[in-house]
Protein chains: 2
Amino acid sequence: MLGLMQNWQLNVSKVIQYAQQNYGSQQIISQNYDDHITQLSYKEVEKRMRCLAWSLRNVLGLERGDVVATMAWNNIRHFEIWYAVMGSDMVCHTVNPRLFKDQIRYIINHAQDKYIFIERSFIPILKTLAHELATLKGIIVLTKDLDPTESDGFTIPFFCYEDLIGEQSIDEWPEIDENNACALCYTSGTTGNPKGVCFSQRALVLHAMAVNGGNFYGLTHNDTVLPVVPMFHANAWSNIFSAPMCGAKLVLPDRHLDPQSLYTLINSYQVTFSAGVPTVWLALLDYLNTHNGQLKTMTRIVIGGSACAASTIEAYEKQYNIKILHAWGMTEMSPIGTVSTIKPELQNKPYQEQLQFKAKQGIPIFTVEMKITDENGINITDDSTHSGHLMVRGPAIVATYFKQDTPVIDDDNYFKTGDIAIIDEAGYMQIRDRTKDLIKSGGEWISSIELENTALFHPGVAEAAAIAADHPKWGERPILLVVAEKECILDDKDILTTLKDHIVKWQLPDAIIVVDELPHTATGKLQKTVLREKYQMYLIDNNLI
Amino acid sequence: MLGLMQNWQLNVSKVIQYAQQNYGSQQIISQNYDDHITQLSYKEVEKRMRCLAWSLRNVLGLERGDVVATMAWNNIRHFEIWYAVMGSDMVCHTVNPRLFKDQIRYIINHAQDKYIFIERSFIPILKTLAHELATLKGIIVLTKDLDPTESDGFTIPFFCYEDLIGEQSIDEWPEIDENNACALCYTSGTTGNPKGVCFSQRALVLHAMAVNGGNFYGLTHNDTVLPVVPMFHANAWSNIFSAPMCGAKLVLPDRHLDPQSLYTLINSYQVTFSAGVPTVWLALLDYLNTHNGQLKTMTRIVIGGSACAASTIEAYEKQYNIKILHAWGMTEMSPIGTVSTIKPELQNKPYQEQLQFKAKQGIPIFTVEMKITDENGINITDDSTHSGHLMVRGPAIVATYFKQDTPVIDDDNYFKTGDIAIIDEAGYMQIRDRTKDLIKSGGEWISSIELENTALFHPGVAEAAAIAADHPKWGERPILLVVAEKECILDDKDILTTLKDHIVKWQLPDAIIVVDELPHTATGKLQKTVLREKYQMYLIDNNLI
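Values in this document were obtained by computation on a predicted structure and should not be read as measured data. (Residues numbered from 1 in each chain as written. Chains lettered and ligands numbered in written order. Predicted model: local features only at pLDDT ≥ 70, side-chain atom pairs only at ≥ 80, totals over all residues. Heavy atoms only, no water.)

**Points about the sheet that holds strand β2 (residues 37-41) of chain A**
Strand pairs in the sheet, formed through backbone hydrogen bonds, run parallel or antiparallel to each other. Residue and element names in this part refer to chain A. Spelled out, the test is: Pairs of strands are assigned from DSSP output, requiring at least two bridges between the strands. Each helix is a run of DSSP H or I of at least 4 residues and each strand a run of E of at least 2, with the numbering of both proceeding from the N terminus. Residues are treated as being in contact if the distance between any of their heavy atoms lies within 4.5 Å. To get an axis, fit a line to the C-alpha atoms, keeping to the stretch in contact for a helix; angles then go from 0 to 180 degrees between the N-to-C directions.
Strand order in the open sheet formed by 9 strands is β2-β1-β11-β10-β12-β13-β14-β15-β16, with mixed pairing between adjacent strands. Of all strands in the sheet, those with a lone pairing partner are β2 and β16 (363-364), marking the two edges. Pairing of strand β14 (residues 323-329) with strand β15 (residues 336-340), which is carried by 4 bridges, proceeds in the antiparallel orientation. Along β15, the bridge assignment pairs histidine 326 with serine 340. Each of β1 (27-31), β2 and β11 (249-252) is contacted by helix α2 (residues 42-58), which is oriented at about 95° to β2, the strand it contacts most. Lying on the sheet, helix α10 (residues 310-320) is in contact with β13 (300-303) and β14; it crosses β14 at an angle near 150°.

**Focus: the relation of the copies chain A and chain B**
The line we're drawing: Only residues with pLDDT of at least 70 in both copies contribute their C-alpha atoms to the least-squares superposition of the copies.
Turning chain A through 180° and shifting it by 0.0 Å along the axis lays it on chain B, with an RMSD of 0.1 Å. With respect to symmetry, the two chain copies, as superposed, fit the operation of a two-fold axis. Comparing interface residues between copies, 100% of those in chain A also lie at the interface in chain B; the contact surface is shared.

**Some words on the interface of chain A and chain B**
Using the following cut-off: Two parts placed together each lose some accessible area under a 1.4 Å probe, and the buried area is that loss summed for both. Note on definitions: salt bridges are taken to be side-chain nitrogens of Lys or Arg within 4 Å of carboxyl oxygens of Asp or Glu. The definition of a polar contact used here is a pair of N or O atoms within 3.5 Å, where within protein one atom must be able to donate a hydrogen and the other to accept one, and adjacent residues in sequence count solely through side-chain atom pairs.
In this assembly, 72 residues from chain A lie in contact with 72 residues from chain B. Summing both partners gives a buried area of about 5700 Å² for chain A against chain B, and 57% of it is carried by carbon and sulfur. When the buried surface of chain A facing chain B is broken down by residue, A:Met1, A:Gln6 and A:Phe366 rank first, second and third, together holding 16% of it. A salt bridge links B:Glu178 to A:Arg202; the shortest N-O distance between them is 2.7 Å. Where chain A touches chain B, the interface holds 36 residue pairs in polar contact (both at pLDDT 80 or more). Looking at the side of chain A that touches chain B, the elements with two or more residues in it are α1 (12-22), β9 (195-200), α6 (201-211), β16 and β18 (388-393) of chain A. The element best represented in the side of chain A that touches chain B is α6(A), accounting for 6 residues.

**Focus on the environment of A:Ile365**
Residue and element names in this part refer to chain A. The cut-off we apply is this: For the exposure calls, accessible area comes from a 1.4 Å probe over protein chains only, and a residue counts as buried if that area is under 20% of its type's maximum, exposed if over 50%, partly exposed in between.
Position of isoleucine 365 relative to the elements: it lies in the loop between β16 and β17 (369-373). For isoleucine 365, a relative accessible area of 0% translates into the label buried. The spatial distance from the C-alpha of isoleucine 365 to the C-alpha of valine 211 is 6.4 Å, given a sequence separation of 154 residues.

**A look at the packing of aromatic side chains**
Residue and element names in this part refer to chain B. Quick note on the threshold: In this analysis, rings of Phe, Tyr and Trp, with Trp reduced to its six-membered ring, are considered paired at centre separations within 6.5 Å, and the interplanar angle assigns stacked below 30 degrees, edge-to-face beyond 60, and tilted for intermediate values.
Scanning all chains against the criterion turns up 33 aromatic pairs over all chains. Judged by centre distance (5.3 Å) and plane angle (50°), the ring pair of tyrosine 263 and tyrosine 287 falls under tilted. Of this pair, tyrosine 263 sits in helix α9 (residues 259-268) while tyrosine 287 sits in helix α10 (residues 278-291), placing them 24 residues apart in sequence. One exposure class covers both tyrosine 263 and tyrosine 287, and it is buried.

**Some words on helix α13 (residues 448-455) of chain B**
Residue and element names in this part refer to chain B. Quick reminder of the rule: In this context, the arc is that of the directions from the helix axis out to the C-beta atoms.
Where α13 is concerned, the buried positions are Ser448, Leu451, Glu452, Thr454 and Ala455. For α13, the angular spread of buried residues about the axis comes to 165°, placing them on one side. Its side-chain oxygen placed 3.3 Å from the backbone nitrogen of isoleucine 449, serine 447 serves as the N-cap of α13.

**A word on the nonpolar core**
Cut-off, in case you're wondering: Throughout, nonpolar core names a set of buried Ala, Val, Leu, Ile, Met, Phe, Trp, Tyr and Cys residues whose side chains join them through atoms within 4.5 Å.
By size, the foremost hydrophobic cluster in this structure holds 207 residues, and its most contacted members are A:Phe79, A:Phe117, B:Phe79 and B:Phe117. Excluding anything up to four places from it in sequence, B:Phe117 contacts B:Leu52, B:Leu56, B:Val68, B:Ala69, B:Thr70, B:Met71, B:Ile81, B:Ile140, B:Leu142, B:Tyr161 and B:Leu164.

**Focus on the side chain of B:Ser238**
Residue and element names in this part refer to chain B. Within the secondary structure layout, serine 238 lies in the loop between β10 (224-227) and α8 (239-245). Overall, the relative accessible area of 1% leaves serine 238 in the buried class. Apart from residues lying up to four places away in sequence, serine 238 is in contact with His207, Ala208 and Val211.

**Side note on the sheet that holds strand β3 (residues 67-71) of chain B**
All names here are of chain B. Read from one edge of the open sheet, 7 strands run β7-β6-β5-β3-β4-β8-β9, paired in mixed fashion. Bordering the open sheet on either side are β7 (158-160) and β9 (195-200), each of which pairs with just one other strand. Adjacent strand axes in the sheet meet at a mean angle of 25° when their direction is disregarded. Where strand β5 (residues 115-118) and strand β6 (residues 138-141) come together, 4 bridges link them in parallel fashion. Residue tyrosine 115 lies in a different strand from β6, and its bridge partner there is glycine 138.

**Comments concerning the pattern of salt bridges**
What the rule picks out here adds up to 53 salt bridges over all chains. Through salt bridges with shared partners, a single network forms among A:Arg48, A:Arg77, A:Glu80 and A:Glu162.

**Observations concerning the pairing of strand β24 (residues 475-484) of chain A**
Residue and element names in this part refer to chain A. Defined as follows: Looking down the strands as they point away from the viewer, one classifies a crossover as right-handed if the path from the first strand across the helix to the second runs clockwise.
Among the 10 residues of β24, 7 are classified as buried, and the element is accordingly described as predominantly covered. Pairing between strand β23 (residues 461-471) and β24: 10 bridges, direction antiparallel. Paired with alanine 468 across the two strands is proline 478, which belongs to β24. Connecting β23 to the antiparallel partner β24 that follows it, the hairpin turn spans 3 residues. Sheet analysis places β24 next to strand β25 (residues 511-515), joined by 5 bridges and oriented parallel. Counted as the bridge partner of valine 483 is valine 515 from β25. Chirality of the crossover, the property in question, places the unit of β24, helix α13 (residues 492-500) and β25 among those that are right-handed.

**Some details on the state of the cysteines**
Our working rule: What counts as a disulfide here is a pair of cysteine sulfur atoms lying within 2.5 Å.
As enumerated under the stated definition, the model contains 0 disulfides over all chains in all. In this structure B:Cys246 is a free cysteine whose sulfur lies 17 Å from that of A:Cys246, the closest cysteine sulfur available.

**A closer look at the pairing of β13(A)**
Residues and elements named next belong to chain A. Neither face of β13 is open: one carries Arg300 and Val302, the other Ile301 and Ile303, and all of them are buried. Handedness of the crossover joining strand β12 (residues 273-276) and β13 through helix α9 (residues 278-291) is recorded here as right-handed. Bridge count for β13 against β14 is 4 bridges, and the pairing is parallel. Residue arginine 300 lies in a different strand from β14, and its bridge partner there is lysine 323. The handedness of the β13 to β14 crossover, carried by α10, is right-handed.

Structural data, given as structure tokens:
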């Protein structure tokens, strides 16, 4: 029997409509390419979005379902483009300008982008690919004045962004089937071509509602939100949706993610909430410490993208009185999966014990279901002593990659994350390793992440990578590559002593190698495949077996 | 183009699954029929729900889509029934035991209830209707021991609730189409038969997510929620869903809604959040004042159901440091439409000015859209000087009443609330009157609510009703009926003086009549139809024209 409720579709445009109707005077403050500050209200910006939507159809000739790319920083124009494109039943493809040129060519062609909205500074990247982008019909430069020379080398037309936002007649947002695609983001895998994750309107709205829950972001109209995580990274972790959904102010930093800029922005605009990767917050912490700085208005920071060290969490919480929301997710999950906040039953424990839980990946947001399975797919979620494959299910989680035929979900609709994880007795999920980074020694798994994190306890170690090397008896044995902190000289025995305090003997690496640097992908992920190729025979070649 | 996200349906059962998986040890504390206290964890209660779900199918022989009634207070068994029934793809029909007998017969037959879960104390109500409930196959008494005499007079079998919750084999919750019906609630209109509102799984889950937003309920796992609003009133304003969705504790008061009981419960279990109608909170306020009481753990109270006086809001906020969330809604809206909280731009105003806004109905939750239209259906939402018909739209708002063919929405999918409202410049909606209670004098509207509220400024007035009386010249003119406070003697000239301070002259009533009491419906609504019948000719008959 059907319920008799209204057929109201979950559309991204309804988020901005809500903001302009109920929080019309709240401000969006934005840095921009030329470093001036733009300040517009939700009422003003929503009108600009509808102007742009009109131009998408009537000037650029785009239709529902068309894919439009952006290559832009976190600024007000990029914010406008997201809503204008998604609200027009088109698909906004956020291109990460830090990808390798081959990857950028691949994803623009694979997505069949019709137009690209681009910062002036990224035009040179595109220029080298100008003749290899088959579907691209035109380029919109995020500026108010086109520079006539910047289209040199291109055969497709250039448009000035501000020309598309005129005083033309504008329409209301169309009603869109909530299962329609609205955003596309490619994951920069460490191997193979990037894979596209194609988000539905429904997924992004539900995800924004879920992360706004009180245990997680808990945003209100009293918040001022600074999205440090770039908008070309996994929907900027929903900040761009969650803030207008509750009438929060937005402060957009453009490309200025250095500690000095962030510090100034936070204190100038009384930012209360921010989100970004550990490296950004580590750098800011260092800045605060050396400049005797304070972030008095900031109440909470979401740290995610990669695991955050307990020491970083502690420093912000204890020294600066800022609550850290340690989050885990994947582009495939829209992206937030879990946040590590302290449950009521742990709140009476000493802070150092709580910190152990905060350093884990945490508790799923509502709408995310997790299970842990063993090698045979048997559910071992309730076994808090064994790790296994982390599987996730929910309305904002990928079912099939873009333009692939085969779904990536199992019979129960769970997506295999590729992570090895454990859920402790208190219900906190902890990532132990990427499946492909596990080291299998004599039939037993050894976690490369655990070895790496433990190596970092040594004050002289700046970065570490544990990988599997071939071994005639054990199949694989761990070896550890380390990079020294500036002006430090590392001694492998010394590192081994550090490891011995925390790691059982059979899991200790058979070799510790000091290197000058480790290879990374364009988005900063460690390229273990490269290391494996180079060091696979290390133990055998060096007679260390 | 479709997005490529998982097909994860919004099911009510996923709320309780989330609670048991992530907040398994959080407690539900419940008073019960015999006044003992039950305390179960989410883990335990969710298991009991699945046991009951098994019995619904295998003992009672119920099938997907069947309607099951409850006539019960706010206790743990009622909580279990809701999730067991809704989680089994059946429809939970909450019968209000305070309805008139004719109405109870009508709605049970209209809904075609197959079984009814009932408190022992309500059996006598049902007994008088025993032979008139055609579809009812059996009665489940909320007890652990059946009294063999209580089925006397019935021909259908009686079941003991606790017998249905055994140690039988139990299943996982089935996946349910989110558009399926899961709950049914009849509105007790002041005229005609009650109308059924049939909620979908999707509506109740989305509504719970929306009211949990940080500007509204903002529940977290640190909250302890006491739903004072009965579960037979409009889904208990979502408390029963919103609390488990974020792992909050629940404290269920059963039938004990008197101030002394609430006071004890709140302080015994450190309640932080509650929700109920103004009368309950007025009575508690009186109790606090006379007993020098404190509610130290309580941080916020949702007051709704009817408009809350500014003085009540002020007393709780100023004297007891409890934030009042003044809410407005309708059963037809699942039910929350708006909550009056103070927007950032008003937070610097003096408290007395803020109070004016708090006393209004407020700002819509995300997913609720509002507009105001004039007599001709023209949108006058942006005109903050004129009131009009309040129209609402959203995924948890009625489209069609149960078993009626004609949708109750306009071409743009808006439901006409029947209220006359205005939205002020700051975006706060304020109900001026029910459409049918407006008084039309010489083509101009006079608000009966405004007259009534103003009359209450007179310290001797306990209750007031303004209605339209026929007038040969003006069509209608207002007359005012007032009931005196205990031991007060009212003088109509005195009341008129009070009115004159606030009401423009042409809107003043042509007669003020002191009466002993005013007629009410079973749910306490003023029955103006009865008054109109009696007093329609009052001005003409008494030569007051």
